[in-house]
Structures are given as C-alpha cells and as structure tokens.
Amino acid sequence: MSDSLKRHIVLGMAGHIDHGKTEIVKALTGTDTDRLKEEKERGMTTDLGFAFLGKDITIIDVPGHEKFVKTMVAGVNTVDLALLVIAADDGVMPQTIEHLEILNLLQIPAGVVAVSKIDLVESDWLQLVLEDIRQLLKGTILDGSPIVPVSPVTGENVDQLKEKIFETAHLVRNRHDKEIFRMPVDRVFTIKGFGTVVAGTILSGSVSPDDMLELMPQKRTVRVRGVQVHDKPVKTSSIGFRTAINLMGIEKDTIIRGNVLAEAGYFRPTQMVDTHFHLLKTWKKPLKNRTRVRIHIGTDEAIARIILLDRKTHAPGEDGYAQFHFEKAMVTDIGDRFVVRSYSPVRTLGGGSILEPHAVKHKREDPVVLSLLERLKQGDPSMIVLEQLEKARYQPVKTEDLAKDLGSTRDHVIRQLDSLEKNNSSLRIGKNRWMSRRHHAALSEKLLSLIAMFHQQQPLRLGMSAAELRSRIKPSPDRALFDEMIKSLSASGLLVLEKGRVRLKEHSTQLPAELAPLKQKIEKMVLDNPFNPPDSRQIIKIDEKAENVLGFLIESGILIRLEEGINFHIKAVEQAKERIRILLNKQGEATISEIRQHLETSRKYAVPLMVYLDTLGFTERVGDRRRLRDT
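Residues numbered from 1 in each chain as written. Predicted model: local features only at pLDDT ≥ 70, side-chain atom pairs only at ≥ 80, totals over all residues. Heavy atoms only, no water.

Bringing the sheet that holds strand β4 (residues 81-87) into the picture now. Spatially, β2-β3-β1-β4-β5-β6 is the arrangement adopted by the six strands of the open sheet, whose pairing is mixed. Strands with a single pairing partner mark the edges of an open sheet, and in this sheet they are β2 (49-53) and β6 (147-149). On average, each strand axis in the sheet is tilted by 25° relative to the strand beside it, whichever way the strands run. Strand direction decides the pairing type here: β4 and strand β5 (residues 110-116), joined by seven bridges, are parallel. Of the residues in β5, the one forming a bridge with Ala 87 is Ser 116. Running over the sheet, helix α6 (residues 158-169) touches β1 (9-15), β2, β3 (57-61), β4, β5 and β6 and is turned about 170° from β5. (Pairing = 2+ DSSP bridges. Helix = DSSP H or I, 4+ residues; strand = E, 2+ residues; numbered from the N terminus. Axes fitted to C-alpha atoms, helices over the stretch in contact; angles between N-to-C directions. Contact = heavy atoms within 4.5 Å.)

Below you can see the structure in the form of structure tokens.
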C-alpha cells in the first residue's frame, strides 16, 4: 500500500497511561512528542504532542492519565483516524475503556489498535490479551479494525503497524466542507520575530496570508501574517490540514486553547444548544434533568446544565434529545460531535451531536419541538435546500437553478423554500432569488465590521468608496445584493452614503489639534503656486502623517483631486474659474493652450482642470475648444 494519500489525515493517539503511546509515535516517526519539562520528569505525557508520519499524516499524541482526559478529548475531537494503544503486559485498563468510549462518542471515522510492549510477555499471554481486546471492540467504531502487536523497543512489527495505518487512512472519506473557514485552537505559542502563533486542525474552508479572521468567542478581528503546514510556509491551507497560523497585532495571552479562529460573520458565541444525546450504558444510574456536567466541543470545555427534552430521566444506553445551557460562551456548528463528563468526580458519561447551535428555551416534552429535532437529526429535505443556499454564500440563487442542482422539481424546491422562509432560515431576494438568512446577516455584519476597521485605520478619512468596500469582501458578493444592502443599512441609520463614500453614522472626521499645523503647511504648499501645486508624492514626504492629513483635506473638500496625484485647493479652483470666465467672456472660446497661458500653468494641470470644470457644468468642450456652458 502506498504511503501517499489523496488528502491530509490527522491521526489521534488514545490509550491508558504508560502504555507506550509516545514510544510508538517515536518508533513510527522518529519524533519525541514529550516536549514539556514536566513530561520528561514524570515520564508521561501531560499535554498534546505532534509528529508527522510521511507527508500526509499528522499524529496528535495525547495524555493517558485520568487527570488529563479533557486534554485527550481536545486532541482527538478533530481527528480522522484513531490509534488505540494497549500494553500487552497490562491489557485493558480503565483509561483504555474511557478513551474507547470517547472515540465512539465522537464517531471517529476509522482506527487501528496497537498492542505495545510485546517484548515483555510470552506468546500465550499475548493471545489472551488479543482475545480480550477483540471482545472489548465489539459494537464500537473499532470493531473489525486491524490489531497489530508491536514493540517500539525491538522494532518488531513497527513497519507492519505503519502499513496498517496507511491502509486504513486510504479508507477514510473526505470531510464535508462548508467552505467557511473554521479552526478550533489547541496550541498557542510565540516565535521570536514573528509573534503569536495558533495551531489546530481546519474543520472547513481554507486560510491564506493577509486573510482577515475572527477570534471567537472574543469576537476580535485579526489578520493572518503567515500560514505553515508541516513546519513549512504555504500560500493556502485547507480543510483537514493540521495548520499553524501566525497572527498580527494580538498578544499570546489573549488566546487560549478552546478558542475558535473563523471567517468573520459566520459563527456566533452561544450559551445554549439543542442536541441528540447518548448516555453510555456503562453509566450506572439514570441521568436527572438539570444535572451539572462538563461538555467538550472541539478543543473547548464548559460547565453546563443538561435539560432533558423528551423524558423525565435518561436511562443508561439510551438516545434522546437534550438542551445544554453553558456557563460560558462556546462556539459550535450543526453536526459537531461532543463529549459529556460528570462534574465531580469526573468521568465520561455520554455525548452526541449538535442539532441547533443557537437554541432557545423549550418547553420539555413538547411534541412540536421534538418533531423539529427529529427532522434535524434525520435530515429534513428543507435542510438539503438550505445547504445549497449556504454553499452559494453571497450569490442569491434562482429557484430554477436550485432545482437543477438538486435534481428535483421546481414545485418541490418551492415547498422547501417556503418552509425555510417561515422559520427564518432563508430570505427571498427580489422576486425569484434566495439566500441563506445566516449569510445575509453575516454579510451585513461583515460590511459594518470592514467599515469600522477602515475608520480605525484611517480616522481622518470620510469613509470607504463603495467599490473598495465590495472588493474587500471575500467571496465577492452579488452586485445587486451589495447595492441593495448598502441602501438598506443606510435607510436603517447604520450607514451614511455620502459623496460616493460609505461611513458609519456615528463616524466624524475631526482633525486632532496636534495636526492643525501640518494641515496649514500643506494648504500653504498648494496655494503658494495655486495653478502649479506640488503633486501628492511631494506632499506626503514632508511628514509621516502627511498622507492621512492629505486624505482628510481631499475628503473634506478643501483640496479637489483632479486626477491621481494632482490636487487643487478649492480657493485655486474658484480663482481659476473667475480668470477663465473673464477670458471666455472676452473671446467666446479658447483652446487648452490659450487657457494654460492665461493661467500661467502647464498642460499637465490645465487638462485635468478643464475636465473637472466640464463635469461641474461650468464649461463645455466643442471640438478642441472650451466655452462657458451658460452662453
């Protein structure tokens, strides 16, 4: 079997403490993942470690001690493939069982079992352990998975284990990509000369240098300085890749494991979710309503109350619907898997999948609510239509095109769209185009966020040009939708569209007192020789803040931009108009050459000046001559 895969795979280790997980990783890759001093001293893994197997597999080593199970969950929650390690001399142990339960709850797609330390046992004992393992795996996601006895010490079967890993990795299906960037953070560190770096596994979408992202739940906008995969800089990293992202303008201490880095506008922090929930059959007693628990989603953990929606108490081994009320903000999405552990003493008790990431409080055992949750779990037809709208992002889709894409009738699609519109999931744009209401809200938020950031970076500018604003949105929105949204936000009082520029209503361009002397200096420069002023490049060289002040003077109308780099003072324009009026009243018409001589300027300035005066309606062009428009 080739060790070259068609996609990137993240492999998560699992197993009891001191069963040899780190030694196996070292035997497979040559990398010692015990990177902390504490780990070296204790001889056990206490945090996540990382190594590369070939060019397509990243291995995440996790701690096996019961005190560090929450770290183990953070490590395996985003993996494609599990490697469960069981020591031949110990056999199945408590954390072996709990780790297997966690893998099962998270529905890890595939796995391999490594029976380590076979150099320490006799053959007969090994056969007994192998039989125990087969019994343990029955009915789990690892039932029927390869079981490889191995010794990292002697090297026995290490190559065979590697071969089985690659064989199994070839069977892993591609992740479903919503094409919206999201990455739970599991590591945060700094690199001298570069600053803050976060790392994790990309769950959807892609990321590139200079992308603007949002750190959640802080809702803080950050810019990507650089992206690395396998310790090498890349132009883009995408879904499934273990990725390190260098962020600009944010301190390491403001980010923690469990935060989520995402495309701005798409994910909102939540403190209430609806779920499909399973209570492990190994949990010895029924779970009561409003039990306080610990919930693990992605790389984050929160204390929560579980609200049983379909029963009085939840019996071990049963599935049902439950709502979780978090004691802190979390970031999650439809379909995310989660693990639930008891509050104290801490033990894994169950898990499931997210059905509604932004839930509202429900009446318990409400048949309407339970019917909706069942439809979400089963995959309601309207949810398939909604998925198409989600994929289209900022491009509203015609009903006919939806029908074609889904291989369905137009009437069927219309019924689903009507259903989505009633529950506020979709939005009709015009007569026959549709988009996801979530994307519509995200676009609105993104527009306001971009304008706010522009004001922060350019406080002296009146606002952004509409064209520049649209160009900064990725992917580019439908033009008609963009124009309509600007009008709508203006009508609602959030934006002001003025002189072709868009600004927040509360934004004002007051020049700080300390910049008044620089403003006066620039005005004097352009008025000293009013019809032959210095160009913009000359002006911005006089002071590091001159470019901002120049922009302020242009947007406030004190300077008139005739063309790129050429700016006349408003007083100079008025003087020119008066002198040209006298000339044209006297001789009726004049060429550019005659006007140039009359103003004692050059063609460089005369041509754009006359084009500007034409646009004002002051003059008009007749052949190669100008005359006053009002004559």
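With respect to the helices and strands, the residue Asn 432 is situated in the loop between β26 (426-429) and β27 (433-436). Of note is the side chain of Asn 432, whose polar atom sits 2.7 Å from the side chain of Thr 399. (Polar contact = N/O pair within 3.5 Å; in protein donor to acceptor, adjacent residues only side chain to side chain.)

Across the interface, helix α11 (residues 437-457) lies against helix α13 (residues 479-491) with an axial gap of 11 Å and an inter-helix angle of 70°. Taken together, the axis directions place α11 and α13 in an arrangement best described as roughly perpendicular. Relative to α13, the crossing made by α11 is right-handed. Of the residues in α13, those touching α11 at His 440, Leu 443, Ser 444, Leu 447 and Leu 448 are Leu 481, Phe 482, Met 485, Ile 486 and Leu 489. Considered class by class, the residues forming the contact of α11 with α13 number eight nonpolar, two polar and no charged. (Parallel < 35°, antiparallel > 145°, perpendicular 65-115°, else oblique. Left-handed = near helix turned anticlockwise from the far one by under 90°. Nonpolar A, V, L, I, M, F, W, Y, C, P; charged D, E, K, R; others polar.)

With that out of the way, let us pick up the pairing of strand β32 (residues 566-569). Taking every second residue as pointing to the same face, both faces of β32 are buried, with Ile 566 and Phe 568 on one and Asn 567 and His 569 on the other. For strand β31 (residues 559-563) and β32, the ladder comprises four bridges, and the chain directions are antiparallel. Each bridged residue has a counterpart across the sheet, and for Arg 561 the counterpart in β32 is Asn 567. (Buried < 20%, exposed > 50% of the residue type's maximum accessible area, 1.4 Å probe, protein only.)

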